[in-house]
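Structure at a glance
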Amino acid sequence: MIKNNKWRLIIASLIILLPVLAGLILWNELPDSMAVHWGSSGNTPDGYAGKAFAVFGIPCIFLALFWLCVIASSFDKKNKDQNKKALSMIIWLLPVLTTVVNVVLYLVALGKGKEINMNVISAFLFGFLFIFIGNYMPKCKQNFTLGIKVKWTLESEKNWNATHRFAGKLWFIGGFVMLFGALLPEKLFIYPLLIIVFPLVFAPMIYSYVFYKKQLREDPSSITPMVKSKGNKIALTVSLIFVAAILIFVGILMFTGDVNVSYTDADFTIEASYYQDLTVKYEEIDNVEYRENFDKGTRIYGYGSARLLLGTFKNEEFGNYTLYSYATSAPCIIITSGDKKLVIGLENAELTKAAFDEISKNIG
């Protein structure tokens, strides 16, 4: 696959990396922290990343994912004679996705995407994605890396073809339902998405199993026990490594990160890993309080892990408030500015008390 599609793969890789060039051109105009995740409303960013990660890291992650898919598909000998249109789907899908994602990120970062609702963008994106995949799915020949790869499709070419014709129609229709959902009022459009996703995923598997049972009764000779070749085993190994890498990445996010406070004569800045920093001027502070215990309540939007709690939270005492804290931090600093509340909890009681004393001294 790689040898026969060398130039297409090179072009696709360059397209994936184009946002890096755009980021370098726009570097001085981009903010130090760029929105990379949005809350449930779709209008308010609740996750930020440093400019360098947004410009370089995200395209590189897409590029690594792209080549992982290409390499896994290349090791599968059944893809040697794969339908050219199906292979085109593998090659061009991620370049299109990364282009759309990065265009949206840059528009928001430059302040030109204030009216963008990420829920609507996602609905359109997934809608077109399912339509695109649904159109090519029936053309996909039996293999171990692309398509509905359950035991019953892999053991029978008849089952594979029937299942993928069924799944192709289902995904094509499901994609249009998603597009329709994106046009509904904001409070309603999420329901068609939730309703349609589960049938799109599980219905083809159920169909394949029912077809398999019918084959056992009527044509058992068309079922061939699955034997994995060396290439298939390598493809499976690559897939497992990819899953392991994702789990490691999630583990790093869940158990790493820090919250620190730096001070000047006029203000202090809360510096948080995986989230936007926050600068507070002393002259804007009405009151500062130190507490040994505090009920953090629930997260409305922001970043939450086993180590850090960052963003907008809600509890019975304050309603909505801003929190920068370690998950296990009990002592905290409560800062009041007008009708807004900011709560800070550093890694231990000593650091939190020291921060309280420093802030109190500067507003006194």
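Residues numbered from 1 in each chain as written. Predicted model: local features only at pLDDT ≥ 70, side-chain atom pairs only at ≥ 80, totals over all residues. Heavy atoms only, no water.

Two numbers describe a pair of packed helices, the interaxial angle and the distance between the axes. Viewed as axis vectors pointing N to C, helix H3 (residues 84–109) and helix H4 (residues 118–136) meet at an angle of 170 degrees, and their least axial separation amounts to 11 Å. As summarised for this structure, H3 and H4 are arranged roughly antiparallel, according to the angle between their axes. Across from Lys85, Ala86, Met89, Leu93, Leu97, Val100 and Val104 in H3, the residues of H4 making contact are Met118, Ile121, Leu125, Leu129, Phe132, Ile133 and Tyr136. (Axes fitted to C-alpha atoms, helices over the stretch in contact; angles between N-to-C directions. Helix = DSSP H or I, 4+ residues; strand = E, 2+ residues; numbered from the N terminus. Parallel < 35°, antiparallel > 145°, perpendicular 65-115°, else oblique. Contact = heavy atoms within 4.5 Å.)

Our focus in this paragraph is the sheet that holds strand E5 (residues 278–281). Read across the sheet, three strands follow the order E3-E4-E5 without closing on themselves; strand pairing throughout is antiparallel. If you trace the sheet from one side to the other, it starts and ends with strand E3 (259–263) and E5, each paired once. The mean inter-strand angle of the sheet, taken between neighbouring strand axes irrespective of direction, is 20 degrees. (Pairing = 2+ DSSP bridges.)

Let's shift gears to the packing of aromatic side chains. Given two aromatic rings, one states the distance between the centres and the angle between the planes to describe the pair. Per the counting criterion, the structure on display carries 20 aromatic pairs. Here Phe124 and Phe128 contribute two aromatic rings whose centre-to-centre distance is 6.5 Å and whose plane-to-plane angle is 20 degrees, an arrangement assigned as stacked. Here Phe124 and its partner Phe128 are both found in helix H4, four residues apart, which amounts to about one turn of the helix. Look at Phe124 and you get partly exposed, because its relative accessible area is 28%. Counting every residue linked through ring pairs, the aromatic cluster contains Phe294, Phe313, Phe318 and Tyr321. (Phe/Tyr/Trp six-rings, centres within 6.5 Å; stacked < 30°, edge-to-face > 60°. Buried < 20%, exposed > 50% of the residue type's maximum accessible area, 1.4 Å probe, protein only.)

Once that is clear, we can look at helix H6 (residues 157–182). For H6, which comprises 26 residues, the first-to-last C-alpha distance of 37 Å matches the rise-based estimate of 38 Å (1.5 Å per residue) to within 8%. With a side-chain oxygen lying 3.4 Å from the backbone nitrogen of Lys158, the N-terminal cap of H6 falls on Ser156. (Expected span 1.5 Å × (residues − 1). Polar contact = N/O pair within 3.5 Å; in protein donor to acceptor, adjacent residues only side chain to side chain.)

Moving on, we get to the layout of surface pockets. Of the pockets and cavities examined, the largest pocket occupies roughly 1,500 Å³. Taken together, the elements giving at least two residues each to the lining of the largest pocket come down to strand E1 (33–38), strand E2 (45–50), helix H2 (51–75), H3, H4, helix H8 (230–255) and strand E7 (298–304). By residue class, the composition of the lining of the largest pocket is 30 nonpolar, eight polar and two charged. (1 Å grid on protein atoms, 1.4 Å probe; cavity = no way out; pocket = protein on both sides within 12 Å on 5 of 7 lines; lining within 4 Å. Points joined across faces, edges and corners; volume = space filled by probe spheres on them. Nonpolar A, V, L, I, M, F, W, Y, C, P; charged D, E, K, R; others polar.)

Next up on the list: the sheet that holds strand E10 (residues 332–337). The strand order across the open sheet built from six strands is E6-E10-E11-E9-E8-E7, with neighbouring strands paired in mixed fashion. Two strands bound the open sheet, and with one partner strand each, they are strand E6 (287–291) and E7. Strand after strand, the sheet turns through a mean of 20 degrees between neighbouring axes, direction not considered. Two elements, strand E8 (residues 308–315) and strand E9 (residues 319–326), share eight bridges in a ladder whose sense is antiparallel. Paired with Phe313 across the bridge in E9 is Tyr321. Its contacts with the sheet put helix H9 (residues 349–363) on E6, E10 and strand E11 (340–345), and the angle it makes with E6 is roughly 160 degrees.

This part is about the nonpolar core. Counting 42 residues, the largest nonpolar core has Val259, Phe268, Ile335 and Ile344 as its most contacted members. Within the second largest apolar cluster, 21 residues are counted, among which are Ile90, Met137, Ala167 and Met178. (Core = buried A, V, L, I, M, F, W, Y, C linked by side-chain atoms within 4.5 Å.)

Following the sequence through the fold, Met205 ends up in helix H7 (residues 190–218). Under the relative-accessibility criterion, Met205 is labelled partly exposed at 33%. The spacing of Met205 and Thr163 is 42 residues in sequence and 7.9 Å in space, taken between C-alpha atoms. Non-local contacts of Met205, meaning those with residues more than four positions away in its chain, are made with Val150 and Trp152.

The next subject is the pairing of E6. Only one face of E6 is buried: it carries Val288 and Tyr290, and the other face, with Asn287, Glu289 and Arg291, is open. Direction of pairing for E6 relative to E10: antiparallel, over a ladder of five bridges. Its bridge partner being in E10, Tyr290 is matched across the sheet by Ile333.

Take unusual backbone geometry next. Although it is not a glycine, Tyr274 adopts a positive phi angle of roughly 65 degrees. Structurally, Tyr274 is set in the loop between strand E4 (267–272) and E5. Classification of Tyr274 as partly exposed rests on a relative accessible area of 31%.

Between H4 and H6, whose axes approach to 7 Å, the crossing angle comes to 160 degrees. The angle between H4 and H6 places the two elements in the roughly antiparallel class. The crossing of H4 and H6 is left-handed. Of H6, the residues touching H4 (which contributes Val120, Ala123, Phe124, Phe126, Gly127, Phe128, Phe130, Ile131, Ile133, Gly134 and Asn135) are Gly168, Trp171, Phe172, Gly175, Phe176, Met178, Leu179 and Ala182. Split into classes, the residues belonging to the contact of H4 with H6 amount to 14 nonpolar, five polar and no charged. (Left-handed = near helix turned anticlockwise from the far one by under 90°.)

Structurally, Asp267 is set in strand E4. Salt bridges are absent for the buried Asp267, whose nearest opposite-charge side chain, Lys281, sits at 4.4 Å. At a separation of 2.8 Å, a polar atom in the side chain of Asp267 contacts the side chain of Thr264. Aside from chain neighbours lying at most four places away, what touches Asp267 is Ser262, Thr279, Val280, Lys281 and Tyr282. (Lys, Arg positive; Asp, Glu negative; His and termini not counted. Salt bridge = Lys/Arg side-chain N within 4 Å of Asp/Glu carboxyl O.)

Tracing the backbone through its elements, the reader meets Lys296 in the loop between E6 and E7. Nearest to the buried, unbridged Lys296 among oppositely charged side chains is Asp295, at 8.0 Å. There is a polar contact of 2.6 Å between the side chain of Lys296 and the backbone oxygen of Ser329. In this structure, Lys296 is in contact with Leu309, Phe313, Lys314, Asn315, Tyr321, Leu323, Ser325, Tyr326, Ala327 and Ser329, ignoring residues within four places of it in sequence.

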